[in-house]
Amino acid sequence: MTTAAPDIDGVRTVDLDVTGMTCAACSARVERTLNKLDGVRASVNYATERATVQVPGGLGDDVLVERIRKAGYGARVCAENDEDLTLNRVRDLRRRLIVAALLAMPLGDLSITLALVPSMRFPGWQVLCLALAVPVVFWAALPFHRATLRNLRHRSSSMDTLVSLGVLTSFAWSAWATLFGGHEPGYWVGFGPTAAGADAIYLDVAAGVTTFLLAGRYFESRSRRNAAGLLAALDALAAKAVRVVRDGAERMVPVGELTVGDRFVVKPGEAFAADGVVESGRSTVDVSAVTGEPVPAEVAPGDRVIGGSVNREGRLVVHATAVGTHTQLAQMTALAEQAQARKAAVQRLVDRICAVFVPVVLVLALLTFGGWLLTGHPVRDAFTAAVSVLIIACPCALGLATPTALMAGVGRGAQLGILIKGPDALEASRKVDTVVLDKTGTVTTGRMTVTGWRPAPGCGQSDLLRFAGAAEAGSEHAIAAAVVAAARAELPVLPKISAFTALPGLGAEATVDGHLVLVGSSRLFGDRGIAVAENVESIQAAGAVPVLIAVDGEFIGLLEVRDVVKPSAAAAVTALRAQGLRTVLLTGDHEAAARAVAAEIGVDEVRAGVLPADKARLIDELRATGSRVAMVGDGINDGPALATADLGMAMARGSDIALRSADLVLVRDDLRVVPDAIRLAGRTLRIIRGNLVWAFGYNVAALPLAAFGLLNPLIAGAAMSLSSVLVVSNSLRLRSFEGSQTKEKHN
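Residues numbered from 1 in each chain as written. Predicted model: local features only at pLDDT ≥ 70, side-chain atom pairs only at ≥ 80, totals over all residues. Heavy atoms only, no water.

**Student:** Give me the overall build of the protein: which residues, what numbers.
**Tutor:** Looking only at helices and strands, the protein has 26 helices and 28 strands in total. Counting across all 747 residues of the protein, residues that qualify as buried make up 52%. Here the analysis covers contacts within the protein between residues at least 6 apart in sequence; of these, 68% occur between residues at least 24 apart. (Helix = DSSP H or I, 4+ residues; strand = E, 2+ residues; numbered from the N terminus. Buried < 20%, exposed > 50% of the residue type's maximum accessible area, 1.4 Å probe, protein only. Contact = heavy atoms within 4.5 Å.)

**Student:** I'd like a rundown of a nonpolar patch on the surface, residues and numbers included.
**Tutor:** Taken together, Ile 98, Leu 102 and Met 105 make up a surface patch of nonpolar side chains, about 320 Å² in accessible area. In this fold, Met 105 is placed in helix H3 (residues 85-116). A relative accessible area of 52% places Met 105 in the exposed class. (Patch = residues over 30% accessible without salt bridge, like charges linked within 9 Å, V, L, I, M, F, W, Y side chains within 5 Å. Areas by Shrake-Rupley, 256 points an atom, 1.4 Å probe, with all protein chains shown as cover. Salt bridge = Lys/Arg side-chain N within 4 Å of Asp/Glu carboxyl O.)

**Student:** Give me unusual backbone geometry: which residues, what numbers.
**Tutor:** Phi is positive for Asp 513, close to 50 degrees, though the residue is something other than glycine. Residue placement: Asp 513 occurs in the loop between strand S20 (507-512) and strand S21 (515-520). At Asp 552, a residue that is not glycine, the phi angle is positive and equals roughly 55 degrees. Relative to the assigned elements, Asp 552 resides in the loop between strand S22 (545-551) and strand S23 (554-565).

**Student:** Lay out the packing of aromatic side chains with the relevant residues and their values.
**Tutor:** This structure, assessed with the given rule, holds two aromatic pairs. Ring geometry for Phe 138 versus Phe 171: centroids 5.2 Å apart, planes at 90 degrees, classification edge-to-face. Pair noted here: Phe 138 is in helix H4 (residues 125-140) and Phe 171 is in helix H6 (residues 159-180), with a separation of 33 residues, a long-range link. Residue classification places Phe 171 among the buried positions, given a relative accessible area of 12%. Note that Arg 96 overlies the ring of Trp 139, its terminal NZ or CZ placed 4.7 Å from the centroid. Over the ring of Phe 467 we find Arg 466; its NZ or CZ atom is 4.5 Å from the centre of that ring. (Phe/Tyr/Trp six-rings, centres within 6.5 Å; stacked < 30°, edge-to-face > 60°. Lys NZ or Arg CZ within 6 Å of the ring centre and 35° of its normal.)

**Student:** Which residues make up the packing of helix H19 (residues 569-578) against helix H24 (residues 673-707), and what are the values?
**Tutor:** In a packed pair of helices, the relevant descriptors are the angle between the two axes and the axis-to-axis distance. Contact pair H19 / H24: the axes reach a minimum separation of 8 Å and the direction vectors enclose 30 degrees. By the angle between their directions, the pair H19 and H24 is classed as roughly parallel. Facing Ala 572, Ala 575 and Leu 576 of H19, the residues of H24 in contact are Val 674, Pro 675 and Ile 678. A class-by-class count of the residues in the contact of H19 with H24 yields six nonpolar, no polar and no charged. (Axes fitted to C-alpha atoms, helices over the stretch in contact; angles between N-to-C directions. Parallel < 35°, antiparallel > 145°, perpendicular 65-115°, else oblique. Nonpolar A, V, L, I, M, F, W, Y, C, P; charged D, E, K, R; others polar.)

**Student:** If you had to explain the nonpolar core to someone new, which residues and values would you point to?
**Tutor:** Of all hydrophobic cores here, the largest spans 49 residues; its most connected members are Val 435, Val 443, Met 649, Leu 666 and Val 674. Considering each element in turn, this core owes the most residues, 10 residues, to H24. If you look at the next biggest cluster of nonpolar residues, it comprises 30 residues, including Leu 93, Ala 175, Ala 206 and Ala 207. (Core = buried A, V, L, I, M, F, W, Y, C linked by side-chain atoms within 4.5 Å.)

**Student:** Run through the sheet that holds S20, naming residues and quoting values.
**Tutor:** Judged by pairing direction, the sheet is antiparallel, and its six strands sit side by side in the order S18-S23-S22-S21-S20-S19 without closing on themselves. One side of each edge strand has no neighbouring strand; the edge strands of this open sheet are strand S18 (444-455) and strand S19 (497-503). Sheet twist, expressed as the mean angle between neighbouring strand axes with direction ignored, is 20 degrees. Bridging between S21 and S22 involves four bridges; their strand directions are antiparallel. Within S22, the position partnered with Gly 520 by the bridge is Leu 548. (Pairing = 2+ DSSP bridges.)

**Student:** How would you summarise the sheet that holds strand S12 (residues 297-299) if you had to cite specific residues and measurements?
**Tutor:** Strand order in this open sheet of three strands is S12-S11-S14, and the pairing throughout is antiparallel. Strands at the two margins of the open sheet, each flanked by one partner only, are S12 and strand S14 (310-311). Strand direction decides the pairing type here: strand S11 (residues 283-286) and S12, joined by three bridges, are antiparallel. By the bridge assignment, Thr 284 is partnered in S12 with Glu 298.

**Student:** Tell me about the side chain of Glu 31, and name the residues and values.
**Tutor:** Tracing the backbone through its elements, the reader meets Glu 31 in helix H1 (residues 24-35). Note on Glu 31: relative accessible area 18%, which makes it buried. In terms of polar contacts, Glu 31 uses its side chain to reach the backbone amide nitrogen of Val 44, at 3.0 Å. (Polar contact = N/O pair within 3.5 Å; in protein donor to acceptor, adjacent residues only side chain to side chain.)

**Student:** So what's going on with the pattern of salt bridges? Which residues, and what values?
**Tutor:** On inspection of all chains with the given rule, the structure shows 23 salt bridges. A salt bridge links Glu 66 to Arg 69; its shortest N-O distance comes to 2.5 Å. A residue pair is termed a helical-turn pair when its members lie 3 or 4 positions apart in one helix, as Glu 66 and Arg 69 do in helix H2 (residues 61-70) at three residues. Residue class for Glu 66 comes out partly exposed when judged on its relative accessible area of 31%. In this structure, Asp 646 and Arg 628 form a salt bridge, with 3.8 Å as the shortest nitrogen-oxygen distance. Separated by 18 residues along the polypeptide, Asp 646 in the loop between helix H22 (639-644) and strand S27 (647-651) and Arg 628 in the loop between helix H21 (615-624) and strand S26 (629-633) bring together distant segments of the chain.

So this is what it looks like as C-alpha cells:
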C-alpha cells in the first residue's frame, strides 16, 4: 500500500516516485515546492528518489504530481509492481558513459598528441576533434544540461549547473579557438610551454570531465541501488500465492485474497503467506530470512509462525491471524522504507548548505575569471582557473553522505534482525550510556516453565508429575499450563479427571484416579491444614514459584516454576558492559525474583516493584541525572517508557504499541541483538560523519587550488567524481558489519 488510510485528523500519507533529480539541491527544490501547498508536509529523499508527503484528506494526488511537474521534474504515485526507475536510470547512465568513454579516449589521445607534437598534425585535425566531442558534450552530458535548463527556468541553480557550465564553456572556448582562433603559444599546468594551436583544443577537457562525471554518477546510482536492494529483498520474501482451505478443498489463490481467519496449507519448501497459528502438523521452519535466527524453529499445533519464513519438512495447516500490510514482514518493509524518508538533523544541514553553495560558487568563478584578467594574465589562464572552480565545486558527495550510509545501515540491520526506524534513532544512539532492560518477556521468555521438582520421601517423580499434570489440565492459568507441559513431556499419557474445581488465586482441586488432588500455593495448604516438609521461602527467594501438591490430604512434593531467563541474556549484558554501558533491570516483580534474575545475567542495577504506569517516570528520573537512556521492552505497558527514553528498542514479538513507540525494532529473538543494534547505530553514524568531513574538507581544500590555477579542469573533474565514489564506497562498508552470531560462526 502506498497511500495510508486517513487518520483522525484527516491526514494521509502519499509516496511519490520522483524522476529527474540529479543532486541534493534538486530534492530540496521539490521539497520546497510541495511544502508550499496548504497543509502539506513533504520529505524528499534524493538517494531513494522518493517523496513522502502528508496531505489533507481533500487534496488529490494529481495536485501533487502536477506541482512537481511544474517544478521541472517528473512524479507518479508509487504502486506495487512498478518498474524499477532506478534500474532504468542506471541503464541510461551506462549507455551515455559507454559512448562518452569510447569517444573521449581517442579524442584525448588525438588532441593531446597533436597539441604536443606539431609534426604529427594533419589538415582538418581540429575539425575531427570537434566532431568527436559533439556527441559527448551534447548527448552524453544531456542530463547535466537538462537539469541546468530546469534550474534557469525556475531562477535557481544546482550542482549540475556547475557541471553543465564547465563542460559547455570548455567546448565553446575550443570551438571558437578552432574556427576563429589564435595561434599563439600556450602553457599547460604541470607540463610547461606548448606549441601554437594547442590552446585551441580544450575539447579533451569537455569530453574528459563529462566522462569522469558520468562514471561517478553511474557508480553512485548503481551503488545506491545495491544498498536499497537490501531492503527490497524483504519484499521478495513474501509469498505471491497461497493454498487456501475452503469448503474442505485446497485452492491456490493470489495472496491478496487471503483474509484473517482463513486456513491455509504450507507444504515443505513453501513460504508462509501470512502470520498465523499452526492448527495441525509438525515441522521445522527456516526463519533466518525474517528474524536472523540461524537455527530452524520447531513448530507444532498452537505455535505462532511468521509470514515470509519457509517450511522445511512437514505439511502444516495454519490459521491466518494477520494478512497483507498487517503481517510482521510487511510492517518491517514499510518501516524500513519510511526510515529512508526521515532525515537526520545532519542531513537537513547539508540541504541548507547546498541551497546557498551553488550561487556562491558561481560568484567565485566569476571573481576568479575577473581576478586573473585584472592581474594581467591571459584570457586562457583566467578561463582555465574559472572552469576548474566550476567543476571542482560540484558537491555531489554532500548529497550522498547521509542517505547512502543510512540505507546501507538500515539494510544491514534488517539482515541481522535489527530494524532502524529512522536517522533520529542513529543520532539518539550516539551518547547512550545506560541501557534499561524490562524483565518479563525481554530478559526472560515470558512463559512459565517447570525448572525443578522435589518429591516427598516415598513419592516418585513420575507420580508427582502425574497427579499435578492431571489436576492442572482443567485450568487455563499460565502456571497450570507450565505444569501440564512438564508432565506431558515426561509421561506418555495423563490420567483423566472426574471432577475439577478452580480455586482463584490459590490453585486447583481435582479427583484423579479416585484420589483427591490439591495443587496450589502455600497459603492454600495453610488454609487446609496440610503440613509442608519443604522450605518454601528459600524457593521464592531464588525467584521461583513453588507449586505444592497433596494427595488425599498428604503432601507429596512440589514443583519449581519460573519465567526462565533467555539463554542469550547473560551474553548480551556482558557485551553491553564491554561497550562501557551501564545496565539496569526493570520489573514489576518483587525484589527477590528481580535479584535472582539480575545475579544470573550480571546487570549493574535492579529496579523492582515498578508499576507499569511508573516505568516512564523512572526513565525520566534516570535522564534527569544526566544519563542518556536506551530502553528495551516488549509489552503494552512498556510503550510510554520506550517513547520517553532517548533510544527505544522493542522486541518484534511484543505488542503493537511497543513497536510503534520504539526507535529500533529487534526482530531476532536473541538479546545479543541489543548490543549489536547499538554498535550498528554507532558505526552508521560514524560513517555519516566521516562522509561529511570528507565531502566538506574536499571542497574547502580544492576550491582555493582551482581559483589560483593549480588544477587543470580535467584533473578537477576526475577528483570530484572520485570524491562521490569514495563516499558511496565508504557507506557500503556497513554491509560487512558483523553481528554477534556472525562472529561466532567465524570463530
